[in-house]
Amino acid sequence: SVGVAAAAPDAGPGPAWQSKCPWGAPSTTSISCSLADVMSEQLAKELQLEEENAAFPEVVAAAEGPFITGENIDTSSDLMLAQMLQMEFDREYDAQLRREEKKINGDSKVSISFENYRKVHPYDSDSSEDEVDWQDTRHDPYRADKPTTTPRRGFIGKGKDITTKHDEVVCGRKNTARMENFAPEFQVGDGIGMDLKLSNQVFNALKQHAYSEERRSARLHEKKEHSTAEKAVDPKTRLLLYKMVNSGMLETITGCISTGKESVVFHAYGGNSATEDKVIPPECAIKVFKTTLNEFKNRDKYIKDDYRFKDRFSKLNPRKIIRMWAEKEMHNLTRMQNAGIPCPQVVILKKHVLVMSFIGQDQVPAPKLKDVTLSSEDMKKAYYQILNMMQQLYRECNLVHADLSEYNMLWHDGKVWLIDVSQSVEPTHPHGLEFLFRDCRNVSQFFQKGGVAEALNERELFNAVSGLNITADNEVDFQAEIEALEKMNEDHVQNHGKKLSTFSSDGDPPIYDE
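Residues numbered from 1 in each chain as written. Predicted model: local features only at pLDDT ≥ 70, side-chain atom pairs only at ≥ 80, totals over all residues. Heavy atoms only, no water.

Per an unreviewed UniProt entry, the recorded name for the protein chain is Serine/threonine-protein kinase RIO3, and the organism is Urocynchramus pylzowi. Word for word, the UniProt comment on the protein chain under Subunit (unreviewed entry) is "Interacts with CASP10. Interacts with IRF3; RIOK3 probably mediates the interaction of TBK1 with IRF3. Associated with 40S pre-ribosomal particles." UniProt annotates the protein chain under Subcellular location (unreviewed entry) with the comment "Cytoplasm". (UniProt positions renumbered as here; feature names shortened; annotations may be inferred.)

Right under this line is the structure:
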């Protein structure tokens, strides 16, 4: 029976080494227990705990935390079961990631890693020995080592294995490593990881290119900060506009209405200024001349040879020429206004910002002559009006527009308005007659295409405007006579001199400067 088998004889007296001998026969002792004990729940828990310890020995040894210890492991706890299930799920998830990573990389030299997506555990027994623990190592296996520096003596090795600092491979790798010192904007890529070897010639070319790009980007940034960009103004121009609004001269500036090669035009509502004698119109046009010098590179001939500004031109730096350009348009507009020619009315000039009356209504500018569709009567009326204005401009204002075309003529209130006279010169200009002939050609071609039968050709229009009687059968001879007249005029001016025109009689508005 169970009780008889459980009875163990008492050990007799004997030496201590006999009871502790490892080669001795083990004494089989059976623990007596009843059927009730076998069916008890406590014994079942102990047996389950022994199985778990045998299955997960490292969990008990390496686990950290108050809930995984040899004393308090209790599978009846929901928290313990949840943590064990989560650990098993994380292992399966990491194994799946490793399989996917191995499948994607294959034999490729450039590999990707899902290490950031793994559920890393300190007791992860399924991880292979060759797998890198990214949390504990300072070495990145996917980042190549930088080339070793050559010692001070200039070579390494001995005998046949000697390698000097002039070695092609060593120099190539050094040049690749030096590319990391380029500007951040210059993308060099991972040349070290690909073991790229750059020759000195290629490296020097890349270095020079990176330096040039860095200077170019800095120059463009500075140019953008210190120049009036398209549809925008620089800080100095913005300050001028703020002063106009704060002084009450302007009520508000609504926005940009036109852009050109050398200027930007804004619309504004006029205010009430107590310091100004002139009446400010309800709507104003603010013409801001761009301060970029490249726009005026090929247009200095309009002001350099103008006798009104010739002496001042040679004494100014290029940036002040732009202010002179705005001043020139103000004087030309004042002459035209005094002669009764339809043009914008000058309000004030501040440096390179010219405020004029707005030709249009309710922020809508008047259309250009090229954009408007006129009837035959209006087209004929516009032609004779322009012919009259060209004669007035030449004889009364002593000016040549020098850029007259359908792009610089507006149609408003049933008549033509002239704009953009900053390049206008006097007829005594060395190229004044050439500019006049070009204007006559543009006007004649536009109205002939528009169906005006009475439109004169460019040579007849030139004689009608200038009053000169140049008789030539073809255009080449006509232009030759024009150039001969200009040469005679230039020689006369150089020999006898010419009194400079004064603008005091023009009734010009005051020029406000610093």
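Once the structure has been displayed, the description carries forward.
### Focus: the packing of helix H13 (residues 376-395) against helix H15 (residues 458-466)
Between H13 and H15, the shortest axis-to-axis distance is 8 Å and the interhelical angle comes to 50°. Comparing the axis directions of H13 and H15 gives the class oblique. Where H13 approaches H15, its residues Tyr383, Leu387, Met390, Gln391, Tyr394 and Arg395 are matched on the opposing element by Leu461, Ala464, Val465 and Ser466. For the contact of H13 with H15, the class distribution of residues is 7 nonpolar, 2 polar and 1 charged. (Axes fitted to C-alpha atoms, helices over the stretch in contact; angles between N-to-C directions. Helix = DSSP H or I, 4+ residues; strand = E, 2+ residues; numbered from the N terminus. Parallel < 35°, antiparallel > 145°, perpendicular 65-115°, else oblique. Contact = heavy atoms within 4.5 Å. Nonpolar A, V, L, I, M, F, W, Y, C, P; charged D, E, K, R; others polar.)

### A few points about the nonpolar core
Among soluble globular proteins, nonpolar side chains are generally buried collectively. If you look at the biggest cluster of nonpolar residues, it comprises 53 residues, and the most contacted ones within it are Ile386, Phe447 and Phe462. Here the element with the most residues in this core is H13; it accounts for 9 residues. Here this core spans two domains, since at least three of its residues come from each of domain 2 (232-365) and domain 3 (367-498). Aside from chain neighbours lying at most four places away, what touches Phe447 is Leu369, Met379, Ala382, Tyr383, Ile386, Val452 and Ala455. Counting residues in hydrophobic clusters, the runner-up holds 17 residues, among them Leu240, Leu241, Val264 and Val288. (Core = buried A, V, L, I, M, F, W, Y, C linked by side-chain atoms within 4.5 Å. Buried < 20%, exposed > 50% of the residue type's maximum accessible area, 1.4 Å probe, protein only. Domains from an automatic or database assignment.)

### A few points about a nonpolar patch on the surface
A surface patch of nonpolar side chains, about 350 Å² in accessible area, is lined by Phe89, Tyr93 and Tyr117. Here Phe89 is to be found in helix H6 (residues 78-105). (Patch = residues over 30% accessible without salt bridge, like charges linked within 9 Å, V, L, I, M, F, W, Y side chains within 5 Å. Areas by Shrake-Rupley, 256 points an atom, 1.4 Å probe, with all protein chains shown as cover. Salt bridge = Lys/Arg side-chain N within 4 Å of Asp/Glu carboxyl O.)

### As for the packing of H13 against helix H14 (residues 432-449)
Put simply, H13 and H14 touch, their axes get as near as 11 Å, and they point 175° apart. Viewed along their axes, H13 and H14 adopt a mutual orientation that is roughly antiparallel. From H13, Met379, Ala382, Tyr383, Ile386, Met390 and Tyr394 reach across to H14, where they touch Leu433, Leu436, Asp439, Cys440, Val443, Phe446 and Phe447. Of the residues contributing to the contact of H13 with H14, the split by class is 12 nonpolar, no polar and 1 charged.

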